[in-house]
Structures are given as structure tokens and as C-alpha cells.
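Notes for the structure review
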Amino acid sequence: MSKEKISIIVPCYNEEESLPIFYKEINRVSKEMKNVDFEFLFINDGSRDKTLDILRDLSKKDKRVRFISFSRNFGKEAGMYAGLENATGDYVAIMDADMQDPPEMVKTMYDSIQNEGYDCVALYTKNHKDYSFIRKFFTKCWYKLIGMISSTPQVPGARDFRLMKRKMVDAIISMGEYNRYSKGIFSFVGFNTKWIDYTAPGRVAGVTKWSFWKLFKYALEGILAFSTTPLILAALVGLIFCLIAFAAIIFIIVKTIVWGDPVSGWPSLACIIIFVGGLQLFFFGIMGMYMSKLYLEVKKRPIYIISETENGK
Ligand code: UDP
Ligand code: MG
């Protein structure tokens, strides 16, 4: 009987320092897991350092190493999708190149799938050594918020690091949306997932690619992709304001009939106009954000463009 195969997908963006360390470690782990075959699929996401050279070298030395090099930086989400689409394994794992997702864990994850009947084993972390206090605080608030407004549950602190069975991978690939928010997609497709808590170590080398602004946009992506509550909220607030205005009109009519109508109160009127105007713009903005996502989705642009693979250009 032929052995089962695990594909390890590694999105890489400027990881020249981490890659050799990562490869050494995952290679060691793969040798210890004698009853399975491995495929290492690296996605070079438009790196500007020597990442691609390292990958070319590795693929020449080790036939299990494959790579896909993008024509530019498309983002980690695109990298993961390309990996999932092109992986050939019976099981697929997604891992960071910076050793924050310890390769050693693959053994435990594979055992859980084999012996405990899970379809997927995923990791979450309560304690992120690399993160500043502010990032931890905002992350916590964000998970609370998404928990309230989205019907797709999300595990706080979930990493992208997970090992999945082929059927789950196929389900994820079938969700070919352009605006990708994988944490939501993983949860949307369901399947029996085991969650393991672990403390994410710091990066082995290099720096995180996520600036505060990038993270903010990613968080917004998560809300727009998996919740329409902001639109409902906009409609509700609009309705409440209409009711208040209606009550105010009745009040003013009654007041005028009973006490006459001295012209006064224009400052408050100005404030109300500015406030309501601002509110309208705010909700137009929210609608606009959904529309812009729709616009990109309708265009059906490719999620990634390949410029080179291990088989040549
Ligand atoms: N990454 C990528 N494309 C990007 C940004 C990041 O492929 O545009 C990769 C990166 O090389 C790493 C993984 O995604 O392997 C996670 O990135 P990072 O370590 O910067 O994120 P963090 O662990 O800080 O959340
Ligand atoms: Mg990292």
C-alpha cells in the first residue's frame, strides 16, 4: 500500500533568513514521521530578497520541495489559496516560514487526525510574544465584535497553522472568492476541528509583515466578508432617527398651536443637521465598502499570478 502524503504549504514574503532554518526543522520532522510522505510547497509572494534563489536551490536538492513564485506581492491570503489549489497531499498543512508555527507540532496534529477521528487540527494562541500590548488589546476587542455580529464563529487567537484532510481542502478551494478572509472561510466550511492551545514563540528572524494599518484593513475584511450586521445597523439607526424626527415634528406642531412660534433654536438645528449629515455619510461609507467588495468580486480578477515554479518559468 502506498503511503499517505502530507503537503506543507508555506507562504513566504522576504523570508531569506528564516527559510533555511525552517527547512532544516521540517526536514528533520519529516524524517521522524516515517509512515507518511511529504511535499513542501513554498509560495514566494513577490519577495524582494533572496527567498526565490533559496527556493530554487532547495527544489534542486530535494525533490519533495516545490515552489510557486508570484509575479508580485499578492498577500498571504493569496499565497495560502495558491498553496491549497496546487497541493497534492492527502493532508495539507499551512505554516508560516518564521518558525512561529513549530514544525514539531505536525506530528501531534497528524496523530490527532489519525487516532481521534478529527478532520482538522488547528492551533490557537492566547499569548503572542511578538505582539505589543496595543495589538493584543485590539485583537481581543475585534474577536468580541466579530463574535457579536457574525454568524460564522471564530476562535479567538486562531492561527492559520492547521492540518486538514483532503475533503476540507477541497471545500476551501471551492470558495473561490476574491476577497479572502481565511479565518472565516475555515470556520464556514465546518468539519470536525480539534483546537490546541499553544504559546506562539517569537519570530526566528526577520520582521513581521503586518503593520497596524494592514491589520486594520484585514480586520475590516473579516467583518465585510462574514457579516452584514453593519448594513442592518445602518438601517436601524436610520429608522430610529426617523421616529425621533416624527415625534419632534408633532411636538413642534403642538407647541406652535398652543404657545405660538418665536424663532429660536437655530444653533441646535445646525448641530442636528451636521450630526445627521455625518451619520448619513458614515453609513454611505459602510454601504460603499460592501459595494467595493462586490465590485472586485464581480470583476473576477485572478487571486494570484504565477511567474515561476520548480518546473521552470
Ligand atoms: N506573508 C506572505 N505575504 C505577505 C505577508 C506575509 O506570504 O504579504 C507570509 C510571511 O512570509 C510568513 C507568514 O505569511 O510566512 C506570516 O507573516 P508574518 O510572520 O509577518 O505574520 P505574523 O506571524 O506576524 O502574524
Ligand atoms: Mg509570523
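Our subject is the structure listed above.
I will try to describe carefully the structure that is included in this document.

The rules behind these values
- Here, residues in each chain are numbered from 1, in the same order as that chain's written sequence.
- Going through the entries in the order they are written, you letter the chains from A and number the ligands from 1.
- It should be noted that, the model being predicted, local features are given only for residues of pLDDT at least 70 and side-chain atom pairs only at 80 or more, the latter also being counted only at that level, while totals for whole chains, interfaces and linings use all residues.
- To obtain the side-chain values, all non-hydrogen atoms of the structure were used and water was disregarded.
- Sodium, potassium and calcium take a 3.2 Å donor cutoff, other metals 2.8 Å, and in both cases only N, O and S atoms count; water is not among them, so sites may look incomplete.
- Summary of the burial criterion: residues with accessible area below 20% of their type's maximum are buried, those above 50% are exposed, and those between are partly exposed, where the area comes from a 1.4 Å probe applied to protein chains only.
- Patch definition: residues with relative accessible area over 30% and no salt bridge; like charges joined within 9 Å; nonpolar side chains (Val, Leu, Ile, Met, Phe, Trp, Tyr) joined within 5 Å.
- Areas reported here follow the Shrake-Rupley algorithm with a probe of radius 1.4 Å; residue values treat only the protein chains shown as occluding.
- One side-chain nitrogen of Lys or Arg within 4 Å of one carboxyl oxygen of Asp or Glu is enough to make a salt bridge.
- What counts as a helix is a DSSP run of H or I of at least four residues, what counts as a strand is a run of E of at least two, and both are numbered from the N terminus.
- Definition of nonpolar core: a set of buried residues of the types Ala, Val, Leu, Ile, Met, Phe, Trp, Tyr and Cys, connected through side-chain atoms within 4.5 Å.
- Working definition: rings of Phe, Tyr and Trp (its six-membered ring) pair if their centres are within 6.5 Å, and the pair is stacked with planes under 30 degrees apart, edge-to-face with planes over 60 apart, and tilted otherwise.
- Contacts are residue-level and defined by heavy atoms, with any inter-residue pair within 4.5 Å sufficient.
- Any pair of nitrogen or oxygen atoms within 3.5 Å is treated as a polar contact; in protein, a donor-acceptor pairing is required on top of that, and neighbouring residues in sequence qualify only through side-chain atoms on both sides.

Okay, the coordination of the magnesium ion (ligand 2) next. Here the magnesium ion (ligand 2) is held by Asp98 (OD) and Gln100 (OE1), and the distances to it run 1.9 Å. Residue class for Asp98 comes out buried when judged on its relative accessible area of 2%. Accessibility expressed as a relative area gives 6% for Gln100, which makes it buried.

On the surface, a nonpolar cluster with roughly 890 Å² of combined accessible area is contributed by Phe246, Ile249, Ile250, Ile253, Val254, Ile257, Val258 and Trp259. Mapped onto the secondary structure, Trp259 falls in helix 9 (residues 229–259).

Right, let's talk about the nonpolar core for a bit. Ile6, Ile8 and Phe42 are the most contacted members of the largest nonpolar core, which has 37 residues in total. Judged by nonpolar contacts, the second largest core, of 36 residues, contains Phe74, Tyr81, Leu84 and Ala219.

Scanning all chains against the criterion turns up 17 aromatic pairs. Aromatic pair Tyr181 and Phe226: ring centres 6.3 Å apart, planes at 55°, arrangement tilted. Taken together, the residues Tyr181 in the loop between helix 6 (166–174) and helix 7 (182–189) and Phe226 in helix 8 (residues 212–226) connect sequence positions 45 residues apart. The class of Phe226 is buried, set by a relative accessible area of 11%. Ring geometry for Phe241 against Phe275: centres 5.5 Å apart, planes inclined by 35°, an arrangement best described as tilted. In this pair, Phe241 sits in helix 9 while Phe275 sits in helix 10 (residues 266–299), placing the two residues 34 residues apart along the sequence. Overall, the relative accessible area of 25% leaves Phe241 in the partly exposed class. An aromatic cluster of three or more residues is present, and its members are Trp142, Tyr143, Tyr181, Phe188, Tyr218 and Phe226.

Turning our attention to unusual backbone geometry. Trans is the common state for peptide bonds, and a negative phi is the common state for residues other than glycine. We note that Asn14 has phi near 55°; this positive angle belongs to a residue other than glycine. Secondary-structure assignment places Asn14 in the loop between strand 1 (4–12) and helix 1 (18–32). Backbone geometry at Met99 places phi at a positive 70°, although glycine is not the residue there. The topology assignment puts Met99 in the loop between strand 4 (91–94) and helix 4 (105–116).

Checked against the element boundaries, Asp119 lands in the loop between helix 4 and strand 5 (120–124). Of the residues examined, Asp119 reaches a relative accessible area of 10% and is grouped as buried. For the pair Asp119 and Met164, spaced 45 residues apart in sequence, the C-alpha separation works out to 6.0 Å. Excluding anything up to four places from it in sequence, Asp119 contacts Ile113, Leu163, Met164, Lys165, Lys167, Phe191 and Asn192. Engagement of the side chain of Asp119 in a polar contact is seen with the side chain of Lys167, the distance being 3.3 Å.

What follows is about helix 7. Taken across its 8 residues, helix 7 has 6 buried, putting it largely inside the fold. Against the buried residues of helix 7 lie helix 3 (76–86), strand 4, helix 5 (133–149), strand 6 (158–165), helix 6 and helix 8. Directly beyond the C-terminal end of helix 7, a positive phi value near 80° is found at Gly190.

In short, shape yes, function no, at least from these values alone.
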